[in-house]
Every structure is written in structure tokens, then in C-alpha cells.
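# Structural description and commentary
Each chain is listed here by its residues.
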Amino acid sequence: MSEELKEFEFTVSEESEGERIDKYLNQLMDSLSRSYIQKLLSGGNVKVNSANVKANYKVRSEDNVVLYLPPAVTPNIEAENIPLDVLYEDNDVIVVNKPKDMVVHPAPGHYSHTLVNALLYHCNGNLSGINGVLRPGIVHRIDKDTTGSVIACKNDLAHASIAAQLKEHSIVRRYHAIVQGVLKEREGTIHTLIGRHPNDRKKMAVVHAGGKDAITHYRVLRYFEKYTYVECILETGRTHQIRVHMASIGHPLLGDQVYGPVKSPYHLEGQCLHAKILGFHHPINQEYIETDAPLPEYFTHLINTLK
């Protein structure tokens, strides 16, 4: 193997026995997509007990798994001078308050004007490379129409640390949302499996098998006549988790045209969801850092309207 490859070594526990190797590695390294891990497997960059295996290999207890991560390809993404609302920044990490209608990282149909384009300019290209070509620096993401705190990493050491904290559920993530209807309970916990919707691959859904464990805690901040202002605390971070969970108990987010009513009386252009509090331990000195992203204008205006 080339000296440029980064090496990650794992020993399979009894609890993981029988899992597909691609799923096993995806759970250990959330920052790598399952499809990317499958490419690594087909390219011989994953060894189990020193041998190549296919993506459908089922791991056994005490298996020695070594993943070799190729060096990041220089992104063919242009840095763009897009103003950023920076909540915290040092030599290792940056936390920004993402506005509505901004995609976090480039994808088909969105190769410019993304948060990554803005970060490349702001950080002079100094972002971690673990996520490959299109997602430099990005450890987690929030939806295009969700506002609030997003953390990005400037080097691979910081990226690995923050990704590990996300996997261990030790990062504090508190979201504010306005949901349809009046919640009967002032607080509660939603614990389900979340996976791809069986009939619509663009949507997620609460499933009974084949999904990932998802836990959301919520508490009421304020009642309105037809809506409820809530805080949602993520214990896990699945795709569309808050949107799916609140819809599953009959209280979809106001403005969410995917999981709620198609029409909204307030012309919100997407769900009313804001990533307000983000707390993490600094990847170098382990100091606890917490940022608080102010509510965007559309959100405060809506609260005043609902009063």
C-alpha cells in the first residue's frame, strides 16, 4: 500500500458479528458514505484478516479489519466569496450559521453557491480531505432549507475527532422548530428506526426493519392556537430525523412540504427548523465549546405572527 494512504484498523466485536462489511464500516466512520466504502472494497482498500473481501462479506467476531483511505483528490470546486456568519473559528474548526436555501456541499444540480464553496474561499482552501472531492471539511450536514449551526474541519485530525464525537452521540445538537398542531405532552422521546421510504427513495421514513436507530427528545417552548414551538434534541443524527420523527407522531414541521401538508399558509419556502445550539469538545485541547445561532428573521417574524 502507498505511504500516502491513511490506515484505520478495527477489531470486530461480538455485537457486530454477522453485519455486512460495508454497513459495519459505515457505522464506524459516519463521515464516509456506504457507496464510497463499497468503492474502497472493490478497489482492494479494505482487508479482513489480510485478505480482500467483497461488500457483502459478513464480519465475524475478532476479525481484523484494516481500511486504507486514499489521499483526497484536489476538489474541482471553485472558492466563492460568499459572506459567512461565523459563530466560532480557530486553526482546526469553524462553526457557521447557515442561511436558508443554501446547500451544504456540492451535488448534482448544485455545484456552486454551496457552503463548501464559501468555506473554500474563507479558509483559503484549508479544509479536511477525508470526505473526498465534493465534501472537503464537512463532517455533518443540515438540509438546504434548515438554518443554523454547521461545523466544518480544517484538517484531517480535527475531522476524525469530530466524526468520532458524532458517532458517540456526545455532540450537543439542539434544534428549534414550529410544528403543526398542539402537542399534548410538554416533553417526550421518539425512538424508532429510520430508513428509506419503501415507495419514494427521495424520502426517509420510520421503518420496522432495515433502518438505523434514531432518537429525538423534544420539549415544548410555547403553545400557539394551531401550532407548537418546540426544541428538539438529537441523540442520533439520521437523514431528515427531526422532520420524520415529528411527522410520525402527527405533528409535521410547519412548511415541510415533503413530510407535511403540501400548502403552507405562511409561504415559508421549506420547513421551519433551525439548528440553534451546537456543543462539542475541541479536537486538540478537548475544551468544551458551545455555539448559539440566533434565530433567523423569518423564524422570529413567524413567532410574532402566531402570537
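Now for the sheet that holds strand S3 (residues 51-52). Read from one edge to the other, the open sheet built from four strands follows the order S1-S4-S2-S3, with strand pairing classed as antiparallel. On the outer flanks of this sheet lie strand S1 (6-11) and S3, each paired with one strand and no other. Where S1 and strand S4 (residues 64-69) come together, six bridges link them in antiparallel fashion. Directly across from glutamate 9, in S4, lies its bridge partner valine 66.

Let's shift gears to the packing of helix H1 (residues 21-28) against helix H2 (residues 34-42). Two elements in contact, H1 and H2, have axes separated by 9 Å at closest approach and are oriented at 125°. Put simply, H1 runs oblique to H2. Crossing angle aside, the handedness with which H1 passes H2 is right-handed. Where H1 abuts H2, its residues Ile21, Asp22, Lys23, Leu25 and Asn26 lie against Arg34, Ile37, Gln38 and Leu41. Considered class by class, the residues forming the contact of H1 with H2 number four nonpolar, two polar and three charged.

Here the structure, examined in full by the defined rule, presents eleven salt bridges. Here aspartate 145 and lysine 144 are joined by a salt bridge, their closest N and O atoms 3.6 Å apart. On the accessibility criterion, aspartate 145 (17% relative accessible area) is buried. A relative accessible area of 32% means that lysine 144 is categorised as partly exposed. Connected through salt bridges with shared partners, the residues Arg20, Asp22 and Arg34 form a single ionic network.

Before going further, it helps to spend a moment on the nonpolar core. Leu119, Tyr175, Ile242 and Met246 are the most contacted members of the largest nonpolar core, which totals 32 residues. Secondary-structure elements contributing two or more residues to this core are strand S6 (93-98), helix H3 (115-122), strand S7 (147-153), strand S8 (172-180), strand S11 (212-223), strand S12 (227-234), helix H5 (241-248) and strand S13 (273-281). No other element matches the five residues that H3 contributes to this core. With residues near it in sequence (within four places) discarded, isoleucine 242 still touches Tyr175, Thr216, Cys232, Leu234, Leu253 and Leu273. Membership of the second largest hydrophobic core comes to 20 residues, among which are Met29, Leu32, Val46 and Ala55.

Moving on: the pairing of S13. The element S13 is extensively covered by neighbouring structure, given that eight of its nine residues are classed as buried. Sheet analysis places S7 next to S13, joined by two bridges and oriented parallel. Bridged to glycine 148 within S13 is alanine 275. Judged from the six bridges that link them, S8 and S13 form a sheet pairing that is antiparallel. Of the residues in S13, the one forming a bridge with arginine 174 is isoleucine 277. Direction of pairing for S13 relative to strand S14 (residues 288-292): antiparallel, over a ladder of five bridges. Counted as the bridge partner of glycine 279 is glutamate 290 from S14.

Glancing now at H3. Across the eight residues of H3, six count as buried, placing the element largely inside the fold. Considered for burial, the residues of H3 that qualify are Leu115, Val116, Asn117, Ala118, Leu119 and Leu120. As for H3, its buried residues are in contact with S6 and S7. Sitting at the head of H3, threonine 114 places a side-chain oxygen 3.3 Å from the backbone nitrogen of valine 116. Among the residues trailing H3, asparagine 124 stands out with phi positive, at a value near 55°.

In terms of residue burial, S4 counts as a mostly covered element, since five of its six residues are buried. Relative to S4, strand S2 (residues 46-48) is paired through three bridges, and the arrangement is antiparallel. Along S4, the bridge assignment pairs valine 46 with leucine 67.

Within the structure shown, the criterion is met by four aromatic pairs. Measuring from ring centre to ring centre gives 6.5 Å for tyrosine 88 and phenylalanine 280, while their planes differ by 70°; the resulting arrangement is edge-to-face. With tyrosine 88 in strand S5 (residues 86-89) and phenylalanine 280 in strand S13, this residue pair connects regions lying 192 residues apart in the sequence. Centre to centre, the rings of tyrosine 229 and phenylalanine 299 are 5.7 Å apart; their planes meet at 55°, and the pair counts as tilted. A residue pair is termed long-range when its members are at least 10 positions apart, and tyrosine 229 in strand S12 and phenylalanine 299 in helix H6 (residues 297-306) qualify at 70 residues.

Cut-offs used in this document
Residues numbered from 1 in each chain as written. Predicted model: local features only at pLDDT ≥ 70, side-chain atom pairs only at ≥ 80, totals over all residues. Heavy atoms only, no water. Pairing = 2+ DSSP bridges. Helix = DSSP H or I, 4+ residues; strand = E, 2+ residues; numbered from the N terminus. Axes fitted to C-alpha atoms, helices over the stretch in contact; angles between N-to-C directions. Parallel < 35°, antiparallel > 145°, perpendicular 65-115°, else oblique. Left-handed = near helix turned anticlockwise from the far one by under 90°. Contact = heavy atoms within 4.5 Å. Nonpolar A, V, L, I, M, F, W, Y, C, P; charged D, E, K, R; others polar. Salt bridge = Lys/Arg side-chain N within 4 Å of Asp/Glu carboxyl O. Buried < 20%, exposed > 50% of the residue type's maximum accessible area, 1.4 Å probe, protein only. Core = buried A, V, L, I, M, F, W, Y, C linked by side-chain atoms within 4.5 Å. Polar contact = N/O pair within 3.5 Å; in protein donor to acceptor, adjacent residues only side chain to side chain. Phe/Tyr/Trp six-rings, centres within 6.5 Å; stacked < 30°, edge-to-face > 60°.

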